[in-house]
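Below, each chain spelled out in residue letters.
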Amino acid sequence: MSDAGPRCRSHRHPTADAGAGGTGAPPSPASPLLSPLASSADASLHPLGDVVVTGGAGAIGSRLVRRLLADGARRVVVVDTLTSGHAWLLPDDPRVELHVHDVVDIASLALSVHEPIVFHLAAFFANQNSVDHPFADLHTNGHGTLAVLHWAAAQQARVVVYASAGCSIAGHDTPGAIREDAPVSLHLDTPYQITKALGEFYCTWFGSSARGAHVRPLPTVRCRFFNSFGPGELPGAYRNVIPNFIWRALHDLPLVITGTGEETRDFVYVDDLVDGLVRSAHTPAAYGEAINLGTGRETRVIDLARDVIAACASNSPIVYAPRRAWDHAARRQADVSKARAVLGHAPAVTVAEGLQETVAWFRTHRAAIAAAVGVPDRAST
Ligand SMILES: NC(=O)c1ccc[n+]([C@@H]2O[C@H](COP(=O)([O-])OP(=O)(O)OC[C@H]3O[C@@H](n4cnc5c(N)ncnc54)[C@H](O)[C@@H]3O)[C@@H](O)[C@H]2O)c1
């Protein structure tokens, strides 16, 4: 896809900023970008340098952009095809530059950036989508990640923070809370898990000296996200369970559980996850590491469904469908001790609190969400 030049403002939705916070805020003296976060953080990282966020118009990326602006970033360059992202999720702020462009081809943008911090979140999302479209998955998550790392190395990037996935790497046979040093599985369940793992391999290679003695290793942090939820994520066939539950609950339609409802996941509120990303960029002790970003708490899907119905004051019934063929993980939970020890990161928002915020965001943006994804089909339970 070709780039039409920076065009964030022309794509802005009139209601995009309501209730989202962080837009155009002046630098806060307590900002993590302006002061060290933990004893291991390096205050010599210049707080006002260039920041590039690939996938910055997506669910998590758009919240990261808001956080970076609130922290006083001088300029945030977003590279996003808007395939699953939306320009209206971005704040209306002159410091944000949106380039509608494929990361596979990031070098052709000729971005004028100096030793940027790069957050690489652009992705073909997620498991079922990759089962249905494995080549598109490889294009963005495989080739795209290689292209971003190659470009970042050429720009002498200070660090690349890579969005990996807690469902990848260790596969589904991991008992208990998943640690970062769990053995790497050769039996992953979806192309998405395979290409997220591939991205990690590329990160470690670019961070090593194996590219040659004359080449500076590129610092990378591999952040393994567990199930993110919160404002900014729209519902859809390939999206996570929470936005789909909320959207259906707001229409009093059945909430469809694929499985028994006893399955658990580690749901992390998006702004907590974003805090882990920002800390990762500014903590040299994290460079070269994989770090889980979750909560360490399990939530049963049946409990989640009931909580969503309550939060939406909905009359939706709960119905069941067979678990998807690739979905073998009955339980999933992050071990977050490394994030706490290395980053000083501790998630602050409970699932119940996060649901309230998310439902409020859905109500505020109901018209924009309906315009983007339509209303749920009553027949599709
Ligand atoms: N949401 C989760 O629960 C979760 C869990 C684990 C990992 N992750 C990872 O976190 C990152 C962000 O996830 P998200 O939930 O915000 O997803 P998202 O789909 O909302 O965001 C991805 C963004 O990438 C953009 N994009 C897609 N293909 C592109 C391409 N070729 N070039 C440039 N941009 C492209 C999309 O338009 C979108 O804005 C992804 O890398 C995802 O794999 C998310």
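Observations concerning the overall build of the chain
Inference 1: Helix and strand counts for the chain come out as ten helices and 13 strands.
Inference 2: With 381 residues in all, the chain has 50% of them scored as buried.
Inference 3: Excluding contacts between residues fewer than 6 apart, the proportion of contacts in the chain whose partners are at least 24 apart in sequence is 82%.

Side note on the site of the ligand
Inference 1: Near the ligand you find 31 residues, and of these Gly55, Gly58, Gly85, Ala123 and Phe225 are the closest.
Inference 2: Listing elements by their share of the shell around the ligand, those giving two or more residues are helix H1 (59–70), strand S2 (75–80), helix H3 (134–154), strand S5 (159–165) and strand S7 (227–229).
Inference 3: Considering every element that reaches the shell around the ligand, the biggest residue donor is H1, with three residues.
Inference 4: Taken together, the residues of the shell around the ligand break down into 16 nonpolar, 13 polar and two charged.

Brief notes about helix H9 (residues 351–364)
Inference 1: When the terminal C-alpha atoms of H9 are compared, their 20 Å separation across 14 residues agrees well with the 20 Å that a helix rising 1.5 Å per residue should span.
Inference 2: Of all the residues in H9, the buried ones are Val351, Gly354, Leu355, Thr358, Val359, Trp361 and Phe362. Around the axis of H9, the buried residues are gathered within 155° of arc, so they sit on the same side. Seen from the open side of H9, the exposed residues pointing more than 90 degrees away from its buried face are Ala352 and Glu353.
Inference 3: In the core, the buried residues of H9 are packed alongside S7, helix H5 (241–250), strand S10 (267–269), strand S12 (299–300), helix H7 (301–311) and helix H10 (366–373).

Some words on the pairing of strand S11 (residues 290–293)
Inference 1: With burial as the criterion, each face of S11 is covered, one bearing Ala290 and Asn292 and the other bearing Ile291 and Leu293.
Inference 2: Here four bridges tie strand S6 (residues 220–225) to S11, and the two strands are oriented parallel to one another. Counterpart to Arg224 in the pairing with S11 is Asn292.

Examining the packing of H1 against helix H6 (residues 270–281)
Inference 1: Taken N-terminus to C-terminus, the directions of H1 and H6 make an angle of 65°; their axes are 9 Å apart at the nearest point. In terms of crossing hand, the pair formed by H1 and H6 is right-handed. Contacts from Ala59, Ile60, Arg63, Leu64 and Arg67 of H1 reach H6 at Val270, Asp271, Leu273, Val274, Leu277 and Val278.
Inference 2: For the contact of H1 with H6, the per-class residue count stands at eight nonpolar, no polar and three charged.

A short note on the sheet that holds S6
Pairing between sheet strands relies on hydrogen bonds along the backbone, with the strands arranged either parallel or antiparallel.
Inference 1: One open sheet accounts for seven strands, arranged S3-S2-S1-S4-S5-S6-S11; its pairing is parallel. Only two strands of the sheet have a single partner each, and these edge strands are strand S3 (96–100) and S11. Across this sheet, the average inter-strand angle for adjacent strands is 20°, counted without regard to direction.
Inference 2: With six bridges joining them, S5 and S6 adopt parallel strand pairing. Directly across from Tyr162, in S6, lies its bridge partner Arg222.
Inference 3: Lying over the sheet, H3 contacts strand S1 (50–54), strand S4 (117–120) and S5, oriented at roughly 180° with respect to S4.
Inference 4: Packing of H6 onto the sheet brings it into contact with S4, S5, S6 and S11, and relative to S6 it is tilted by some 165°.

Thoughts on H5
Within an α-helix, residues lying three or four positions from one another point in the same direction, as the helix has 3.6 residues per turn.
Inference 1: The element H5 is largely enclosed, with a buried count of ten among its ten residues.
Inference 2: Looking at H5, one finds that the buried residues are Val241, Ile242, Pro243, Asn244, Phe245, Ile246, Trp247, Arg248, Ala249 and Leu250.
Inference 3: On its buried side, H5 packs onto S7, strand S8 (255–258), S10, H7 and H9.

Description of unusual backbone geometry
Inference 1: Of note, the bond from Phe125 into Ala126 is cis; its omega dihedral lies within 30 degrees of zero at -10°.
Inference 2: Assignment of secondary structure puts Ala126 in the loop between S4 and helix H2 (127–132).
Inference 3: Despite not being glycine, Asp252 has its phi angle at roughly 55°, a positive value.
Inference 4: Relative to the assigned elements, Asp252 resides in the loop between H5 and S8.

Comments concerning the pairing of S5
Inference 1: Burial analysis of S5 places seven of its seven residues in the buried class, which makes it a mostly covered element.
Inference 2: Of the two faces of S5, the one carrying Val159, Val161, Ala163 and Ala165 and the one carrying Val160, Tyr162 and Ser164 are both buried.
Inference 3: Direction of pairing for S4 relative to S5: parallel, over a ladder of four bridges. Paired with Ile117 across the strands is Val159, a residue of S5.
Inference 4: Handedness of the β-α-β unit built from S5, helix H4 (residues 191–206) and S6 comes out right-handed.

Thresholds, definitions, all that
Residues numbered from 1 in each chain as written. Predicted model: local features only at pLDDT ≥ 70, side-chain atom pairs only at ≥ 80, totals over all residues. Helix = DSSP H or I, 4+ residues; strand = E, 2+ residues; numbered from the N terminus. Buried ≥ 20, exposed ≤ 12 C-beta atoms within 10 Å, placed from the backbone. Contact = placed C-beta atoms within 7 Å. Near = placed C-beta within 6 Å. Nonpolar A, V, L, I, M, F, W, Y, C, P; charged D, E, K, R; others polar. Expected span 1.5 Å × (residues − 1). Arc of directions from axis to C-beta. Pairing = 2+ DSSP bridges. Axes fitted to C-alpha atoms, helices over the stretch in contact; angles between N-to-C directions. Left-handed = near helix turned anticlockwise from the far one by under 90°. Right-handed = clockwise from strand over helix to strand, strands pointing away.

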